[in-house]
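The lines below spell out each chain.
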Amino acid sequence: MEKRIFNFSAGPATLPLDVLKKAQSEFLNYQDLGMSIIEMSHRSKVFEAVLDRAKSGFKSLLNIPDTHDILFLQGGASLQFSMVPLNIAVKDKKVCFINTGIWSKKALKEIKKQAECDVIASSEDKNFSYIPSMNSDQVNQDAAFVYLCSNNTICGTQFKQFPDTGHVPLVADMSSDILSRKLDISKFGIIFAGSQKNIGPAGVTVVIIRKDLLDRSDKTLPSMLNYNSFVDSNSLYNTIPTFGIYMIAAVLDWIKQQGGLDAIEKNNAEKAGILYDAIDSSDYYYCPVDKKDRSLMNVVFRLNDTEEKEKEFFQQAENQGLSGLKGHRLVGGLRASIYNAHPKEGIEALINFMKTFQATNQSKSQVMA
Ligand SMILES: *Cc1c(COP(=O)(O)O)cnc(C)c1O
């Protein structure tokens, strides 16, 4: 096998090597059936078993209660920005919105097309470098739902606790931190996530929805935009992305083998911890995000140097097999995305690279100064 690099890409992102190897070994002849998993009917018994494994994997790992359904859809997290309000907005009721980053703003733009939104908390005043604090009386108890993005992939912040929204359903975009930690699912009305960060390859959107909310969908909605179509058909309303589901089932098995979300959560804290420590203990690097709100999935950082040097940093890193460290085009700087599957060795290699880069460049700039 060719040497694999350390992949810090924000998404699609690195997947567990064991899962890739398993997919490779089974690819041509799944379970001795003489064909690939991607060549068989999505309604076959064999595929349905895979789908059941994906569903029960989510259910057991996240401890999803019977009050909630798990759906596998398409259209990415971005379609949920429209599907959520189309299904659960309520006439004459407002949506309470928490604005914590670029993905929230994109969601807000779409939700506004379906419902009136009140931004009840925002961190836009400081470039989304923190999570705004909130108390429950900021939530209008007559609102249709409250919306937030749990992990801000681009800005590098993450909710460590979720606001108490009382009787109002909480909707969360968890595209970049689902399955990274334990959750109390009963606190949420809807959780959705695109698959390509922490769950599998691109092409599947996971939606966890509290069943009573399904009554809100209007029958006049196009069927493909109505959650009920997918609830009633076990996510097989139309052709499901079978390969994505197969990969997701394998990733969920892998998480179980790691020791479930207890072990994953501990591992993620450790991995992010050593990287933030390396940044904080150096005078050459800094993290613009408030300490208490830092994401364990997307570590954004900058150099105390020119933007030109930042460019040099990620180009040299790229050459040394540390890939995808360029910050999002809208914010610049650097970003290490270190989802569940990113190995600790990758972070250690990055820290070593950072030390060498600092030693080389800081001394140079000091000499010039
Ligand atoms: C990546 C991402 C999205 C967009 O996902 P798509 O699947 O490309 O639509 C939305 N929200 C968050 C938080 C993300 O990280």
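All figures in this text were calculated on a predicted structure; none of them were measured in a lab.

**Thoughts on the sheet that holds strand β12 (residues 298-303)**
No. 1: Read from one edge of the open sheet, three strands run β11-β12-β14, paired in antiparallel fashion. Looking at the sheet topology across the chains shown, the edges are occupied by β11 (285-286) and β14 (334-337).
No. 2: Two strands pair when backbone bridges link them, and β11 and β12 are joined in this way by two bridges, in the antiparallel orientation. Bridging across to β12, Y286 finds its partner in R302.

**Some details on the packing of helix α6 (residues 242-258) against helix α7 (residues 260-280)**
No. 1: Direction vectors running N to C along α6 and α7 enclose 80°, while the axes themselves pass 6 Å from each other. Between α6 and α7, the interaxial angle falls into the category roughly perpendicular. Where α6 abuts α7, its residues W254, I255, K256 and Q258 lie against G260, L261, A263 and I264.
No. 2: When grouped by side-chain class, the residues that make up the contact of α6 with α7 number five nonpolar, two polar and one charged.

**Side note on the site of the ligand**
No. 1: In the neighbourhood of the ligand, 13 residues make up the surrounding shell, with S78, T153, D173, Q196 and K197 lying closest.
No. 2: A distance of 3.0 Å separates an oxygen atom of the ligand from a polar atom in the side chain of Q196.
No. 3: Protein contact buries 87% of the 390 Å² of open area that the ligand shows by itself.
No. 4: Along the lines of polarity and charge, the residues of the shell around the ligand split into four nonpolar, seven polar and two charged.

**Notes on the nonpolar core**
No. 1: Membership of the largest hydrophobic core comes to 56 residues, with the highest contact counts inside it found for F58, L62, F72, I178, L179, I245 and I255.
No. 2: Broken down by element, the residue count for this core peaks at ten residues, all from α6.
No. 3: For L62, the contacting residues outside a window of four places in its chain are I178, L179, R181, L183, I185, I208 and L261.
No. 4: Ranked by size, the runner-up nonpolar core spans 28 residues in total, among them Y284, F301, F313 and L322.

**Concerning the domain arrangement of the protein chain**
No. 1: Entries for the protein chain in the domain assignment read domain 1 (17-257) and domain 2 (260-368).
No. 2: Spacing between the C-alpha centres of domain 1 and domain 2 amounts to 28 Å.
No. 3: On the domain 2 side, the residues contacting the 25 residues of domain 1 number 25 residues.
No. 4: Here domain 1 packs against domain 2, burying approximately 2100 Å² in sum over the two surfaces, 56% of which is carbon and sulfur.
No. 5: On the domain 1 side of the interface with domain 2, the three residues burying the most area are I154, G156 and K182, jointly 23% of the side's total.
No. 6: Here domain 1 and domain 2 share one salt bridge between them.
No. 7: Where domain 1 packs against domain 2, one counts 15 residue pairs in polar contact (both at pLDDT 80 or more).
No. 8: Looking at the side of domain 1 that touches domain 2, the elements with two or more residues in it are β7 (157-158) and α6.
No. 9: Of the residues forming the side of domain 1 that touches domain 2, the biggest block, three residues, is contributed by α6.

Scoring rules and cut-offs
- Residues numbered from 1 in each chain as written.
- Predicted model: local features only at pLDDT ≥ 70, side-chain atom pairs only at ≥ 80, totals over all residues.
- Heavy atoms only, no water.
- Pairing = 2+ DSSP bridges.
- Helix = DSSP H or I, 4+ residues; strand = E, 2+ residues; numbered from the N terminus.
- Axes fitted to C-alpha atoms, helices over the stretch in contact; angles between N-to-C directions.
- Parallel < 35°, antiparallel > 145°, perpendicular 65-115°, else oblique.
- Contact = heavy atoms within 4.5 Å.
- Nonpolar A, V, L, I, M, F, W, Y, C, P; charged D, E, K, R; others polar.
- Near = heavy atom within 4 Å.
- Polar contact = N/O pair within 3.5 Å; in protein donor to acceptor, adjacent residues only side chain to side chain.
- Areas by Shrake-Rupley, 256 points an atom, 1.4 Å probe, with all protein chains shown as cover.
- Core = buried A, V, L, I, M, F, W, Y, C linked by side-chain atoms within 4.5 Å.
- Buried < 20%, exposed > 50% of the residue type's maximum accessible area, 1.4 Å probe, protein only.
- Domains from an automatic or database assignment.
- Buried area = accessible area lost by both parts, 1.4 Å probe.
- Salt bridge = Lys/Arg side-chain N within 4 Å of Asp/Glu carboxyl O.

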